[in-house]
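Given next are the chains, with one letter for each unit.
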Amino acid sequence: MDPALLLEPTILAQILIQGLVRGAMYALMASGLSLIFGIMGVKNFSHGEMFMIGVYVMFFVTVVIGAPFPLGIAAAAVVLFFVGIVIERALIEPLRRRAGRDWLLDAFVLTIGIMVVLQNLALIVFGSRRRGITELIDGHLSIGENIVVSYERLMIVGVAAVVGVALFIFVRYSYAGKAMRATSQDPEAAQTLGIDISRVYTYAFGIGAALAGLAGALLISIFPAYPTVGFHPIIKSIAAVILGGLGNVQGAVAAGLLLGLIEGYTAFFMSAGWQSVMTAVLVILILIFKPAGLFSRRVERP
Amino acid sequence: MNAGGAPQASDGLTAARIAKIAILVALLIAVPPIADSRFITTVFISALMLGCLAAIYDFMIGYAGLINFGYAGFIAAGAYTSALAAFHFGINPVVGVLMGGAVAAALGFFAAIITLRLRGLYIALLTFFLGEAIRFSISNTPEYTRGMLGLSTVPFPDILGFDFSRATLLPYYFLLLALVTVIMLFMWSLVRSKYGLAFKALREDELAAESLGMSTTRYKLFNFTVASFLTGIMGGYYAHYLGILSPTPEEFGIFRTVEILTICYIGGRGSLWGPLFGAFLIVGFQEYFRGIGPWRLVLFGLLLIFVMLFARRGLAGLKKYVW
């Protein structure tokens, strides 16, 4: 590795752009996970499978039916919203009622069971063949001579930004968003004030799952549909959620971007295989030294 | 308390109970040699190995409430230490297995130190990434570990005149049976001593335990280090039994951890012996249903969900009817 490359602006810019695109993907995936964690405290390990279902819905709507791709993305979000609601109502809610004090750890194990079931059902129904679309939109943007970025990647960044802002506005200003924040701060007090917390949990889980589905549909050209496609996204989302501070949605989005950049540079300066080690080490360091996340001012919990 | 259920109500060794233990031990000793089939021996080895690993897992989660979600990485540490020691330096696997235990114990001690400030889910997350870091480090250093190409391991040397060349697996089975017996009795004696009470206090209410003057730090470190040592030993055995190691997610990653965790939960948390029974049930079930392909894993996942929702004490919940 030639250190002189470090000073080459076009190369640095190219990595920066790739890192940003990758970061936008992680941010999108992590936002749903972070929302569920922030409001319910549940670490949803089946989030990657929500992502996987989203990719399949996208494939079905755009390739099998032949509808335009924005419709596929919308369909994925809607389908996953209902999948999320059903899972929450049928499995997580009963566990919460049954397990008592330490139910969060049990809920984590329960979502592992959901992961195993969904992954293998997908294998039975669809087989292990990869189904994807090479490009949603063709063409690319060139800046100068060496910096090239495809329109599709730009769209991914754009959608991630729009979703991030929409989520922020929803959580901050809407009534449902306020109810969610109240529930996450103090479920008992929220209940006393007339908020139906079990409904809040259900919707939070539904929205979180919808975000995973949306991410899956949007990223179909990068992650084609196959049963274990959710594995990589879930790991990256968990990493982003920890780096950003568990339950801090904006933090998770920022951490997703940061993770993308770090990985972009690691991949360039070291072999690509070390990316995952870098991510893991980074997460471990954060959990040791700043367990509440990079962007938290509060010193509390773990 | 939810995680694990009440301690054993009566542990008295009645005549009936001694008879039951004797029958089970006799079955374990007699079935593989009498069946004299490589298949049966393999199934018994898998069940015993996974059962013991799940019991060690239970020693952490069911007793002290510490969840190690990077558990497969600790098995990998033991397995690769022993395999690499033999591969690069020609170290006798019997010594190698102990080295594997020592390396895993050091790792466990380190993991315990860095998770001291955390609890529950956060311990799970940290150990998960620790396990992944170990696995990816192995797959990224093919010049030492042969990475995904697979590292072939030497068989054990002949012990007490028994032939460990893997031509017949029965010596491996009996070595494992001896190993598992020692490990189980060791853990059993620990959880019945004052350590067991301390672990339970840790699990139930760390703050209360601490305010009563118990050094929670000390017991956490102890629990994690001992469990990791035993895990490393099992990993070392596994390496030399298996013959080839590769750092895939199925072997040393998330899927292996989930498998062991499921066996532990199905066997019953906080029962120590439950996971051993759970392993025979699960492994038997998996072998029996091998023909139905992925449906097997769907059933496996459903079983875990069922246990979490409806049978929270797992198989150990049946104890009062049959034991």
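Sequence order as written defines the numbering, with residues in each chain counted from 1. The lettering of chains begins at A and the numbering of ligands begins at 1, in the order of writing. Per-residue local features of the predicted model are confined to residues with pLDDT of at least 70, and side-chain atom pairs are confined, for both listing and counting, to 80 or more; whole-chain, interface and lining totals are unaffected and use all residues.

**Description of the overall build of chain A**
For step 1, the next point in the chain: Per the secondary structure count, chain A includes 11 helices and two strands.
For step 2, the next point in the chain: Each helix corresponds to a stretch of at least 4 residues labelled H or I by DSSP, and each strand to a stretch of at least 2 residues labelled E; elements are numbered beginning at the N terminus. Ordered by position from N to C terminus, the α and β elements of chain A give α-α-α-α-β-β-α-α-α-α-α-α-α.
For step 3, the next point in the chain: Relative to its length of 302 residues, chain A is compact, with a C-alpha radius of gyration of 19 Å against a globular reference of 19 Å.
For step 4, the next point in the chain: In terms of its C-alpha atoms, chain A occupies a principal-axis envelope of roughly 60 × 50 × 35 Å. For this measure, only C-alpha atoms enter the radius of gyration; the expected value for a globule follows 2.2 Å times N^0.38, where N is the number of residues.

**A look at the environment of B:Ile159**
Residue and element names in this part refer to chain B.
For step 1, the next point in the chain: In this fold, Ile 159 is placed in the loop between strand 1 (151–152) and helix 7 (170–192).
For step 2, the next point in the chain: Field definition: a residue is buried when 20 or more other C-beta atoms are found within 10 Å of its C-beta, exposed when 12 or fewer are, and partly exposed for counts in between, with C-beta atoms placed from the backbone. Overall, Ile 159 belongs to the partly exposed group, with 13 C-beta atoms counted inside 10 Å.
For step 3, the next point in the chain: Expressed as a C-alpha distance, the spacing of Ile 159 and Val 94, which sit 65 residues apart in the sequence, is 9.3 Å.

**Section: the nonpolar core**
For step 1, the next point in the chain: Here a nonpolar core is just a set of buried residues of the types Ala, Val, Leu, Ile, Met, Phe, Trp, Tyr and Cys, joined wherever their C-beta atoms sit within 7 Å. One finds A:Val55 and A:Leu80 to be the most contacted residues of the largest nonpolar core, which totals 206 residues.
For step 2, the next point in the chain: At 18 residues, helix 2 (residues 38–64) of chain B tops the list of elements feeding residues into this core.
For step 3, the next point in the chain: We call two residues in contact if the C-beta atoms placed from their backbones are at most 7 Å apart. Setting aside its immediate chain neighbours within four residues, A:Leu80 contacts A:Met50, A:Ile53, A:Gly54, A:Ala209, A:Ala210, A:Ala212 and A:Gly213.

**A word on the interface of chain B and chain A**
For step 1, the next point in the chain: The interface of chain B with chain A comprises 35 residues on the first partner and 38 residues on the second.
For step 2, the next point in the chain: Every element with two or more residues in the side of chain B that touches chain A is listed here: helix 5 (121–140), helix 12 (254–267) and helix 14 (295–309) of chain B.
For step 3, the next point in the chain: The leading source of residues in the side of chain B that touches chain A is helix 5 of chain B, at 13 residues.
For step 4, the next point in the chain: Residues are sorted three ways: Asp, Glu, Lys and Arg are charged, Ala, Val, Leu, Ile, Met, Phe, Trp, Tyr, Cys and Pro are nonpolar, and all the rest, Gly among them, are polar. For the side of chain B that touches chain A, the per-class residue count stands at 26 nonpolar, six polar and three charged.

**Thoughts on the packing of helix 3 (residues 69–99) of chain A against helix 8 (residues 197–218) of chain A**
Residues and elements named next belong to chain A.
For step 1, the next point in the chain: A fitted line through C-alpha atoms serves as each axis, taken over the contacting stretch for helices, and the angle formed by two N-to-C directions is quoted from 0 to 180°. The geometry of helix 3 relative to helix 8 is characterised by a closest axis approach of 6 Å and an angle of 140° between their N-to-C directions. Like other packed secondary-structure pairs, helix 3 and helix 8 cross with a definite hand, here right-handed.
For step 2, the next point in the chain: A per-class count over the contact of helix 3 with helix 8 returns 19 nonpolar, eight polar and three charged. Note on convention: the crossing is left-handed when the near helix lies turned anticlockwise from the far helix by less than a right angle, right-handed when the turn is clockwise.

**Points about unusual backbone geometry**
Residue and element names in this part refer to chain B.
For step 1, the next point in the chain: Unlike most non-glycine residues, Leu 272 shows phi in positive territory, near 60°.
For step 2, the next point in the chain: With respect to the secondary-structure elements, Leu 272 resides in the loop between helix 12 and helix 13 (274–288).
For step 3, the next point in the chain: By C-beta crowding, Leu 272 is classed as buried, having 25 other C-beta atoms within 10 Å.

**Things to note about helix 5 (residues 151–173) of chain A**
For step 1, the next point in the chain: Under the convention used throughout, the expected extent of a helix is 1.5 Å for every residue step, that is, one less than its residue count. The terminal C-alpha atoms of helix 5 of chain A, which comprises 23 residues, lie 32 Å apart, in line with the 33 Å expected from a rise of 1.5 Å per residue.
For step 2, the next point in the chain: Considered for burial, the residues of helix 5 of chain A that qualify are A:Arg153, A:Ile156, A:Val157, A:Ala160, A:Val163, A:Gly164, A:Leu167 and A:Val171.

**Thoughts on the confidence of the model for chain B**
Residues and elements named next belong to chain B.
For step 1, the next point in the chain: The predictor attaches a confidence to each residue, called pLDDT, with possible values from 0 through 100. Considering every residue of chain B, the mean pLDDT works out to 82; 94% of them sit at 70 or more.
For step 2, the next point in the chain: Note on residues 1–9: pLDDT is under 50 here. Beyond four places in sequence and across chains, it has 18 contacts.
For step 3, the next point in the chain: If you check the scores for this complex, the pTM reads 0.84 and the ipTM reads 0.82.

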